[in-house]
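Examining the three-dimensional arrangement
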Amino acid sequence: MRTPLGNALARAGLLAATLIATGAHAADAPAAPTPAAAPAKRPKICLALSGGGARGAAHIGVLKVLEQYRVPIDCIAGTSMGSLVGAAYATGMTVAEMDEITGAITTELLFKENPPREELSMERKADDYTLLFGPEIGLVDKKFKFPKGVVTGVQLETVLRKLSKVKGYQRFDNLAIPFRAVATDLVTGKAVVFKEGELANVMRASMSVPGAVAPAEFGGMILVDGMLTENLPVQVAARWGPM
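Residues numbered from 1 in each chain as written. Predicted model: local features only at pLDDT ≥ 70, side-chain atom pairs only at ≥ 80, totals over all residues. Heavy atoms only, no water.

Details of the side chain of Asp-225
- By secondary structure assignment, the location of Asp-225 is in strand S10 (residues 221-225).
- Put simply, Asp-225 is tucked away with no salt bridge, and the nearest opposite charge, on Arg-204, sits 10 Å away.
- Residues within four places of Asp-225 in sequence aside, it is in contact with Thr-79, Ser-80, Thr-184, Ala-205, Ser-206, Met-207, Ser-208, Val-209 and Pro-210. (Helix = DSSP H or I, 4+ residues; strand = E, 2+ residues; numbered from the N terminus. Buried < 20%, exposed > 50% of the residue type's maximum accessible area, 1.4 Å probe, protein only. Lys, Arg positive; Asp, Glu negative; His and termini not counted. Salt bridge = Lys/Arg side-chain N within 4 Å of Asp/Glu carboxyl O. Contact = heavy atoms within 4.5 Å.)

Below is the structure:
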């Protein structure tokens, strides 16, 4: 039989045990997790491909190495041959496919002047009845006139269409890889950066070497090879791509 004092001590012991157990449970409880650090945002990588006929194969070699090391490409800016390779890759063409097609392309194939007649516009068909070379340069009937060049570029466009996985008018930001091509306005002498259009026409404008390929006409502009203003389009890539 417990005395009042014994009962008080028992109650005190039970309270102490409860506090100790509670403390032990609290000590065993895991600490609240700290918020995980946000993963570092990687910089965007924009590939700038320069002009220069022989560099086309080199550009494909660069793409091979980037794929080998799994370097992501977020956007591409290209001039002349760089626009050809860049546009093909931006539309989803593989490096192996580009190797196969470019390996079959010869200077004769690119610049022969007997493409299928159905490929010609009415204006181009009318050119059949004029001289290939025009002596006039400057203002004629309030319009600028320039010598056409050695070839019209129609066959060139026909070949370039094989290097695009997409057909018709495109907004280049909607391609598999966003893309820009650079040409030169022959009247103003300024660079023209394409962000939309029909890819074969845009590639042809970007690589229309003055005196060799007839200038391309876009929106009232007379366009020739982009190498004259921005052969390595680093500034285009810097202004547009990484932001």
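Once you've had a look at it, read on.
Quick look at the pattern of salt bridges
- Applying the stated criterion across every chain, the model contains five salt bridges.
- The closest approach of N and O atoms between Asp-74 and Arg-42, which form a salt bridge, is 2.9 Å. Of this pair, Asp-74 sits in the loop between helix H2 (55-68) and strand S2 (75-79) while Arg-42 is found in the loop between helix H1 (4-28) and strand S1 (46-49), placing the two residues 32 residues apart along the sequence.
- A residue is classified by how much of its surface remains accessible, and Asp-74, at 22% relative accessible area, is partly exposed.
- In this structure, the salt-bridge partner of Lys-64 is Asp-99, at a minimum N-O distance of 2.9 Å. One end of the pair, Lys-64, is in helix H2; the other, Asp-99, is in helix H4 (residues 95-104), with 35 residues separating them in the sequence.

Some remarks on unusual backbone geometry
- Positive phi values are uncommon outside glycine, yet Arg-70 reaches one of about 55°.
- Take Arg-70: it is sitting in the loop between H2 and S2.
- When its relative accessible area of 76% is taken as the criterion, Arg-70 is described as exposed.
- Not every positive phi belongs to a glycine, and Ser-80 is a case in point at roughly 55°.

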